[in-house]
Amino acid sequence: MLKKMLNKWMVVGTIVLMSLFTSLQASAADNPYQLMRQASDKLFASISANQAKIQQNPNYMRTIVKQELMPYVHVNYAGSLVLGQYFKSTTPAQRDQFFNAFSNFIEQSYAQVLTMYNNQQIQIEQEKPIGEQNIVSIRVNLIQTNGAAPIKLDFKWRKNTRTGAWQAYDMAAEGVSMVETKKNEWSNILRQQGIEALSAQIEKSAAIPIKLEK
């Protein structure tokens with residue numbers, strides 16, 4: 001039961017992730033709180049403007065995600081955390097293959113989840129001083145329409161040491177990290193079959209067509 005509830009939270013949390021990490025404005029690039037506040041409406045404006053295309057071809061949702069979201073997600077950093085201890089034992093070519101597969105997996109997963117969005121209200125915590133921090137966790141509450149307690153989501157942002165830009169790399173739904181979940185889920189494959197087998201499996205999952213929710 002708990003696993004089922006956590007899976008539901010992760011799905012809902014991913015919906016919020018899509019709404020928050022798109023079409024980032026350069027003027028707010030040095031403040032993750034502003035990025036979260038400014039980004040929410042951008043993705044859904046694109047989805048609303050392209051409903052005819054999406055209804056005709058649900059995979060067009062992937063195009064929107066790729067254009068509006070993926071440039072602002074730190075795929076390689078998140079992927080390196082997923083690989084964990086296995087990262088150092090892989091070659092640069094193997095890592096590139098994995099990161100490409102992981103990026104496609106994120107694109108497919110987020111596009112599919114976006115078909116489930118039903119206009120939930122999003123409440124973002126007030127801005128706190130950042131100071132010299134280069135990693136910030138920001139609490140987001142998803143307000144339920146049935147009077148139930150809000151679903152608590154914590155989004156992790158990291159300031160890129162090379163570019164100085166803030167990028168999203170993880171989300172924890174009710175304390176359950178997406179990065180840690182995939183790390184644990186895929187560790188057996190990495191240990192028993194290696195990174196190339198995992199990359200191949202991830203690519204198969206990433207190729208699953210998008211289906212509209214009925």
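Keep in mind it's a predicted model, so treat the numbers as computed, not measured.

Asker: Can you break down the overall build of the protein residue by residue, with the values?
Answerer: For the protein, the helix and strand inventory stands at eight helices and five strands. When its helices and strands are written in sequence order, the protein yields α-α-α-α-α-α-β-β-β-β-β-α-α. A total of 214 residues make up the protein; the buried ones form 47% of that total. Sequence-distant contacts in the protein: of pairs separated by 6 or more residues, those separated by 24 or more amount to 61%. With the model as given, the accessible surface of the protein reaches about 11600 Å², and the carbon-plus-sulfur share is 49%.

Asker: Residues and numbers for the pattern of salt bridges, please.
Answerer: Using the criterion set out here, one finds four salt bridges in the structure. Between R62 and E107 there is a salt bridge whose closest N-O contact spans 3.0 Å. Residue R62 is found in helix α4 (residues 60-68), and its partner E107 is found in helix α6 (residues 92-114); the two are separated by 45 residues along the sequence. Note on R62: relative accessible area 15%, which makes it buried.

Asker: Give me the pairing of strand β3 (residues 151-159): which residues, what numbers.
Answerer: Here strand β2 (residues 135-143) pairs with β3 via eight bridges, running antiparallel. Counted as the bridge partner of R139 is D154 from β3. Relative to strand β4 (residues 166-173), β3 runs antiparallel, the two sharing seven bridges. Among the inter-strand pairings, K156 is bridged to a residue of β4, identified as D170.

Asker: How would you explain the sheet that holds strand β5 (residues 176-177) if you had to name every residue and give the values?
Answerer: On the basis of which strands lie adjacent, the open sheet formed by five strands has the order β1-β2-β3-β4-β5 and antiparallel pairing. For this open sheet the edge positions go to β1 (121-124) and β5, each flanked by a neighbour on one side alone. The sheet contact formed by β4 and β5 spans two bridges and is antiparallel. Looking at β5, one finds that A173 is bridged to V176.

Asker: Quick rundown of the packing of aromatic side chains? Include the residues and the values.
Answerer: Across all of its chains, the model carries five aromatic pairs by this definition. The interplanar angle of 10 degrees and the centroid separation of 5.7 Å between the aromatic rings of F98 and F102 together place this pair among those described as stacked. With F98 and F102 both in helix α6 and four residues apart, this pair spans about one turn of that helix. One aromatic cluster is present, built from ring pairs that chain together F98, F99, F102, F105 and W186. Stacked on the ring of F87, the Lys or Arg R95 has its end atom at 4.6 Å from the ring centre. If you follow R158 out to its NZ or CZ, it ends over the ring of Y77, 4.1 Å from the centre.

So, how was this worked out
Residue indices follow the written sequence of each chain, beginning from 1 at its first position. The predicted nature of this model means local features are confined to residues of pLDDT at least 70 and side-chain atom pairs, given and counted, to a pLDDT of 80 or more, with totals for whole chains, interfaces and linings taken over all residues. With hydrogens and water excluded, all non-hydrogen atoms of the structure serve as input to the side-chain values. Helix and strand assignments follow DSSP, with helices taken as H or I runs no shorter than four residues and strands as E runs no shorter than two, numbered in order from the N terminus. Note on exposure labels: buried denotes an accessible area under 20% of the residue type's maximum, exposed denotes more than 50%, and partly exposed covers the range between, all computed with a 1.4 Å probe on protein chains only. The contact definition used throughout considers only heavy atoms, calling two residues in contact when any of these lie within 4.5 Å. Working definition of accessibility: Shrake-Rupley area with a 1.4 Å probe, residue cover restricted to the visible protein chains. Criterion for a salt bridge: a side-chain nitrogen of Lys or Arg within 4 Å of a carboxyl oxygen of Asp or Glu. Paired strands, as defined in this entry, are two strands with at least two bridges between them according to DSSP. Between the rings of Phe, Tyr and Trp (Trp by its six-membered ring), a pair exists once the centres lie within 6.5 Å; its type follows the angle of the planes, with under 30 degrees stacked, over 60 edge-to-face, and the other angles tilted. Both a distance and an angle decide whether a charge sits over a ring: NZ of Lys or CZ of Arg must be within 6 Å of the ring centre and within 35 degrees of the ring normal.

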